[in-house]
Amino acid sequence: MSAYLSINGEVIFREFLNYFSINMKDAHYFYDISQYEQKTMYKCQYIKGHRSRTILAAADCIIPAHGHLESAGSMNTIGVMDHAISQMPSQLRFQFLLFISIVHILGIFFGGRCFARNRKSDQIRQLRWMERSVIRGFRMGFLGLKSYVCMGYFTRESTWASIHYGGPLQYDQPPTDSVIRKLCQNKCKVYV
Amino acid sequence: MKKRYDIVIVGSGAGGGTIAQKLIPLAKKGAKIAILEQGPHYPHAFFTQREIEMMCLFRYNGAWPVTSGEITIAAGQCVGGSTLMYTGVSFRLPQDVLDEWHVPDLTYEDLSTRFEQIEKEIHVIIPSESMINDNNRLFHQGCQSLGWPVKKIPLNIKNCEKVGFCNLGCNSGSKQGTLEVQIPKAVSAGIDLIPNCDVYGISEKKVHATIHKAPPGTIDGPWCPGRICINSDIIVLAAGSPCTPGLLIKSGFQERLPGIGQNICLHPAMTLYGVYPKPIVNYRGFPKTYYTDQFTASHDYYIETAFYYPFVATRHLGIWGKDLSEVMSKYNQLMTVLVLHHDNVMPENRITVNRKGIVQVQYKLSRQNIASLCHAQIQSARIFFAAGCEQIIMPCASPHVIQRGSCDPKTLAQIIQTKNFIPIKTPVSSAHPQGGCAMGEGKNAVTNSWGQVHGFSWLYVADASLFPKSAHVNPYLTVMALADRVGEHIIRFGFNQTGSI
């Protein structure tokens, strides 16, 4: 509830700034914006630019909409993924991000444009090719991508209702990591 | 920083916790004993029942792949080790498996006495009818209608609240792992527990480690962060397989004992799903109460009931796209089983350490392993359909989703084939890594039957790395029984030999 109010509070606060044409840099006169943003905003550290577009498109292929289930390609999925990626060992993270860039570039061979701008059928064809490739690195990369998309989607509470999962019985148990809890509860606004 | 102990135990899981408890009489006589645990010490309040928040309980957040990428290993990294997030399955080592091991001086009578005693201590029970949820009931029904034996799984639980979060840490403390039973007893007897202690090497009666800062929300250890050298008359390695053999390799013991890192098994496992026409809510109640050993003798696997949370379930399903969305939208209708294949020791499978000092598991599934796993999928499919499932999802089927119309064994055998097994794509996991410091007397043996490392009277191993071959069954009770033996040997011989008491 408090986070809900704080998100709405943020909207009101920004509207106030816009109304008086106050630059956000000067906003600290009115409010400690850095502290405020930490509470309600999540800025992706690793998934940015072409990688965020590639992951959003890939997520829609991996988990498309079905019945009450929304497709996975959303900033909320990206937020959880980015937070999980930040916890990875650095070498593994480098490999994962490199793989996403490769997916982006290889789109040219499957639809003439980068992955995110290709048609859905071409995107699916490319992902399927990677999943079954004779090159082990592609199979590993696809497995990693799929796993992180599923993590970013199925650990979020908004998804649980659509899949009829009751979630934790001790719902209000204090979080071990407040950022991931907020991300999973869609209480953080994710931006790249 | 330097410290001095009489006995140091590396690891606090099934092996480390048990040996610590066994050594309580020595601690009461004044021996200084410490348990060093690489992972943090989590209080019950830490277990939030949320999948993503609890991934930190596992080494590499639950995604530790073998070098070929074909299998992902799940191993605990915390006080309590893997007993913190296992389901409490407490099988005794079958006698015919012990006979296959050919370990001199290790008799079934000896182990049986220990099994009995440990089962009392950790409260092993046969689950009552009230513990059986719909998934388990359907499994029972399916096996019975096929005429297969179906048996109850012995579990070490006490006053279980049946909330279904066993694999994310039991916050009621019902599961009687070492965090609940052995470690508290050892600590109250004066044995020091040092969490966040990363042992990176051992040398002649010395342990070299780094103490890390305790993560937020965990219980602090007594020592400040930094490097530490601990002198100890006896060192017991119970960091589990593959970490114990990895530590020995890193410390240079492989030159004298070339068998270190060899003779490994992983119990490759597949979790399989069927869609039942009505909700069965497998995520509540106790997840594991029945198994069938119908194909143990002929095809080397057990089929057990199982349950996994949504994200992990998607990893097991091995599908994506429309199929995944369709299946996951019926998550509360999923019937789940686990196939546990007991693999053979293969010379090419081994534990190694890379240039950066990271422990790696070199493992490739053999044709025989894949054939067994495919056979298990066909038989599991029969259970699902016999139980009433409408469709099933089989990773080695083409297509993966099979409708009820194709439920006769011949059709299933045509759809589920080994040629559809694609390494890495086809999901295989392991929660039972074993071997790497095989006990025995042969040229590849690393320890004697009491866990004492050949040629190093001050060094012991007390975990699943002692197994010379697969245990066939879930290994925790066997690890505890062997650790109990190691403890007995230290009390009777090891400690007196060093004359340090």
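Keep in mind that what you see is a predicted model, and the values were worked out from it rather than measured. (Residues numbered from 1 in each chain as written. Chains lettered and ligands numbered in written order. Predicted model: local features only at pLDDT ≥ 70, side-chain atom pairs only at ≥ 80, totals over all residues.)

Trainee: Run through the overall build of chain A, naming residues and quoting values.
Mentor: Per the secondary structure count, chain A includes nine helices and two strands. Going from the N terminus to the C terminus, chain A shows its helices and strands as α-α-β-α-α-α-α-α-α-α-β. Counting all 192 residues of chain A, 34% fall into the buried class. When contacts within chain A are restricted to residue pairs at least 6 apart in sequence, those whose partners lie at least 24 apart make up 66%. (Helix = DSSP H or I, 4+ residues; strand = E, 2+ residues; numbered from the N terminus. Buried ≥ 20, exposed ≤ 12 C-beta atoms within 10 Å, placed from the backbone. Contact = placed C-beta atoms within 7 Å.)

Trainee: So what about the pairing of strand E16 (residues 350-353) of chain B? Which residues, and what values?
Mentor: Residues and elements named next belong to chain B. Where E16 meets strand E17 (residues 359-362), four bridges bridge the pair, whose relative direction is antiparallel. Bridge pairing in E17 places Ile 351 opposite Val 361. Connecting E16 to the antiparallel partner E17 that follows it, the hairpin turn spans five residues, and Gly 357 within it adopts a positive phi of roughly 85 degrees. (Pairing = 2+ DSSP bridges.)

Trainee: Any details on helix H5 (residues 90-111) of chain A? Residues and values, ideally.
Mentor: Residues and elements named next belong to chain A. For H5, which comprises 22 residues, the first-to-last C-alpha distance of 32 Å matches the rise-based estimate of 32 Å (1.5 Å per residue) to within 8%. At Ile 105, H5 shows its maximal bend, which comes to roughly 30 degrees. Within H5, the full set of buried residues consists of Phe 96, Phe 99, Ile 100, Val 103, His 104, Gly 107 and Phe 110. Of the residues flanking the end of H5, it is Gly 112, one or two places downstream, whose phi is positive at about 85 degrees. (Expected span 1.5 Å × (residues − 1). Bend = angle between axes of the 7 residues up to and from the residue.)

Trainee: With reference to specific residues and values, describe the packing of helix H6 (residues 120-131) of chain A against helix H7 (residues 136-154) of chain A.
Mentor: All names here are of chain A. Interhelical geometry of H6 versus H7 gives an angle of 120 degrees and a closest axis separation of 7 Å. As judged from the angle between their axes, H6 and H7 are oblique. Contacts between H6 and H7 involve Leu 127, Met 130 and Glu 131 from the first element and Phe 138, Arg 139, Gly 141 and Phe 142 from the second. Residue composition of the contact of H6 with H7, grouped by class: four nonpolar, one polar and two charged. (Axes fitted to C-alpha atoms, helices over the stretch in contact; angles between N-to-C directions. Parallel < 35°, antiparallel > 145°, perpendicular 65-115°, else oblique. Nonpolar A, V, L, I, M, F, W, Y, C, P; charged D, E, K, R; others polar.)

Trainee: How would you sum up the domain arrangement of chain B? Please name residues and give values.
Mentor: One frequent convention defines the size of an interface as the accessible area lost when the parts assemble. Residues and elements named next belong to chain B. On domain assignment, one finds that chain B holds domain 1 (2-123 + 165-195 + 226-264 + 433-495) and domain 2 (129-157 + 269-342 + 366-422). Domain 1 and domain 2 are separated by 31 Å when their C-alpha centres are compared. Contact residues are listed per partner, giving 14 residues for domain 1 and 11 residues for domain 2. Classifying every residue of the side of domain 1 that touches domain 2 gives four nonpolar, eight polar and two charged. (Domains from an automatic or database assignment.)

Trainee: Break down the environment of B:Ser145 for me, with residues and values.
Mentor: The residue B:Ser145 is located in helix H5 (residues 134-146) in this model. Note: C-alpha distance between B:Ser145 and B:Arg114 (31 residues apart in sequence) is 37 Å.

Trainee: Report on the interface of chain B and chain A, specifying residues and quantitative values.
Mentor: Listed per partner, the contact involves 32 residues of chain B and 36 residues of chain A. Elements supplying a minimum of two residues to the side of chain B that touches chain A: helix H9 (310-317) and helix H10 (322-328) of chain B. Here the element with the most residues in the side of chain B that touches chain A is H10(B); it accounts for five residues. Looking at the side of chain B that touches chain A residue by residue, the class counts come to 13 nonpolar, 11 polar and eight charged.

Trainee: Provide a residue-level description of the nonpolar core, including the pertinent values.
Mentor: In summary, soluble globular proteins display a tendency toward joint burial of nonpolar side chains. In this structure, B:Leu36, B:Val236 and B:Val339 are the most contacted members of the largest nonpolar core, which totals 214 residues. Here this core takes 10 residues from H7(A), the largest share from any one element. Those residues in contact with B:Leu36, other than ones at most four positions away along the chain, are B:Val8, B:Ile9, B:Val10, B:Ile194, B:Cys197, B:Val199, B:Val207 and B:Ala209. (Core = buried A, V, L, I, M, F, W, Y, C linked by C-beta atoms within 7 Å.)

Trainee: Quick rundown of H7(A)? Include the residues and the values.
Mentor: Taking 1.5 Å of rise per residue, the 19 residues of H7(A) would be expected to cover 27 Å, and the 26 Å separating its terminal C-alpha atoms lies within 8% of that figure. Judged by how many residues are buried, H7(A) sits mostly within the fold: 15 of 19 residues are covered.

Trainee: Please set out the domain arrangement of chain A residue by residue, giving values where relevant.
Mentor: Residues and elements named next belong to chain A. For chain A, the assigned domains are domain 1 (2-42) and domain 2 (44-191). Facing five residues of domain 1, the contacting portion of domain 2 comprises nine residues. At the level of secondary structure, the elements contributing two or more residues to the side of domain 1 that touches domain 2 comprise helix H1 (2-19) and strand E1 (41-43). When grouped by side-chain class, the residues that make up the side of domain 1 that touches domain 2 number four nonpolar, one polar and no charged.

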